[in-house]
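Take a look at the letters that make up each chain.
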Amino acid sequence: QYSPESVAGADGELDPTEVTFPGCSCRSRSCAAPACPCLRRGHSYSSLGLLLAQEQEQQEQPFSRPVFECNSLCCCGEGCQNRLVQRGLRLRLQVFRTQRKGWGVRALQPVPAGSFVCEYAGEVLGFAEARRRIRAQSPQEPNYIIAVREHLHDGRVMETFVDPTRVGNVGRFLNHSCEPNLFMVPVRVDSMVPKLALFAAADIAAGEELTYDYSGRFRNFPGASREHKAVEEENSLRKPCYCGSRTCASFLPWDSSLFSTP
């Protein structure tokens, strides 16, 4: 079932459409920092943008500022510059058959660096249901469930699990690359349940395959990944990587936490 944005999972634990954030009272056509309380919470899409801010912060420190958009309770209009991901897909994309990686996605138009490309949408699940679904799969089956962990400055970890196996959008067909041209950012609009937004990490030519790093690394910065080195016996469960990049790790990223015994 196609859905342009994430929906509540069958376990009913999280509803991504629930509005819990207060809206801003900005009356101008487009909100501006530092006056807008939504923009004061974190990064904005203005100036030289999210791309440069993320890159600089990951080089200087292990944490980056969060991203919040204006929401349905805000007084600003639909033309507000702080409403981007919530507007959804605006690019012409094509699902196509690759030589070795199954389905893939490519852009049918040039995509400038820093542009929002699409959301990775699906059912938003709690940990227990995500683990149950993972364990029910055979090693031969494709696994679309993504686990996103945000490490807060106080040591807490916020986890988001999205499964587009049964309900999802074009994002489910994006392949992994060890040298990707997209990067993922959790963007919050109405609540703490984030939209998993994919942005262009570089200028992308028309016809070029769109990829991101499943491990969460951005441009392979050292230490940006929380993935632990898998022990040799776990390699039998891992799937080979066919990205063909110079820094290819040979296997797709591995997260053993969803397979391990609680």
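Residues numbered from 1 in each chain as written. Predicted model: local features only at pLDDT ≥ 70, side-chain atom pairs only at ≥ 80, totals over all residues. Heavy atoms only, no water.

In the annotation of an unreviewed UniProt entry, the entry for the protein reads SETMR methyltransferase, and the organism field reads Spizella passerina. Its UniProt record gives the protein the following Subcellular location (unreviewed entry) comment, quoted word for word: "Chromosome". (UniProt positions renumbered as here; feature names shortened; annotations may be inferred.)

Turning next to the side chain of Glu123. Mapped onto the elements, Glu123 comes out in strand 6 (residues 123-125). Polar contacts involving the side chain of Glu123 include one to the side chain of Arg133, which spans 2.9 Å. Sequence-distant contacts of Glu123, defined by excluding residues within four places in its chain, comprise Val7, Ala8, Gly9, Ala10, Arg133, Phe161, Val162, Asp163, Arg166 and Val167. (Helix = DSSP H or I, 4+ residues; strand = E, 2+ residues; numbered from the N terminus. Polar contact = N/O pair within 3.5 Å; in protein donor to acceptor, adjacent residues only side chain to side chain. Contact = heavy atoms within 4.5 Å.)

Throughout the structure, instances matching the rule amount to 11 salt bridges. Between Glu5 and Lys195 there is a salt bridge, with its nearest N and O atoms 3.2 Å apart. Here Glu5, found in the segment before strand 1 (7-8), pairs with Lys195, found in strand 11 (residues 195-200); they are 190 residues apart in sequence, far enough to count as distant. A salt bridge links Asp154 to Arg156; the shortest N-O distance between them is 2.9 Å. Among the residues examined, Asp154 registers a relative accessible area of 44% and is labelled partly exposed. Shared partners join several salt bridges into a network, and the residues in it are Glu123, Glu129, Arg132, Arg133 and Asp163. (Salt bridge = Lys/Arg side-chain N within 4 Å of Asp/Glu carboxyl O. Buried < 20%, exposed > 50% of the residue type's maximum accessible area, 1.4 Å probe, protein only.)

With that out of the way, let us pick up the packing of aromatic side chains. Summed over the entire model, instances satisfying the criterion amount to 6 aromatic pairs. It is Arg41 that lies over the ring of Phe21; its NZ or CZ is 5.0 Å from the centre. (Phe/Tyr/Trp six-rings, centres within 6.5 Å; stacked < 30°, edge-to-face > 60°. Lys NZ or Arg CZ within 6 Å of the ring centre and 35° of its normal.)

This part covers the sheet that holds strand 1. Read from one edge of the open sheet, 4 strands run 1-6-8-7, paired in mixed fashion. Either end of the sheet is taken by a strand with one partner, and the two such strands are strand 1 and strand 7 (146-151). In this sheet, strand 8 (residues 157-163) lies alongside strand 7 in antiparallel orientation, the contact comprising 6 bridges. Each residue of the ladder has a partner; that of Glu150, found in strand 8, is Met158. Where helix 3 (residues 127-136) meets the sheet, its contacts fall on strand 6 and strand 8, and the angle it forms with strand 6 comes to roughly 110°. (Pairing = 2+ DSSP bridges. Axes fitted to C-alpha atoms, helices over the stretch in contact; angles between N-to-C directions.)

Judged by nonpolar contacts, the single largest core of 23 residues is most densely connected at Leu93, Val117, Tyr120, Leu174, Leu182 and Leu210. Contributions of two or more residues to this core are made by strand 4 (103-107), strand 5 (116-119), strand 7 and strand 11. Examining the composition of this core, we find that 3 residues originate from one element, strand 11, more than from any other. Setting aside residues no more than four positions away along its own chain, Leu210 makes contact with Leu93, Val105, Arg106, Ala107, Val117, Leu174, Asn175, Asn181, Leu182 and Ile204. (Core = buried A, V, L, I, M, F, W, Y, C linked by side-chain atoms within 4.5 Å.)

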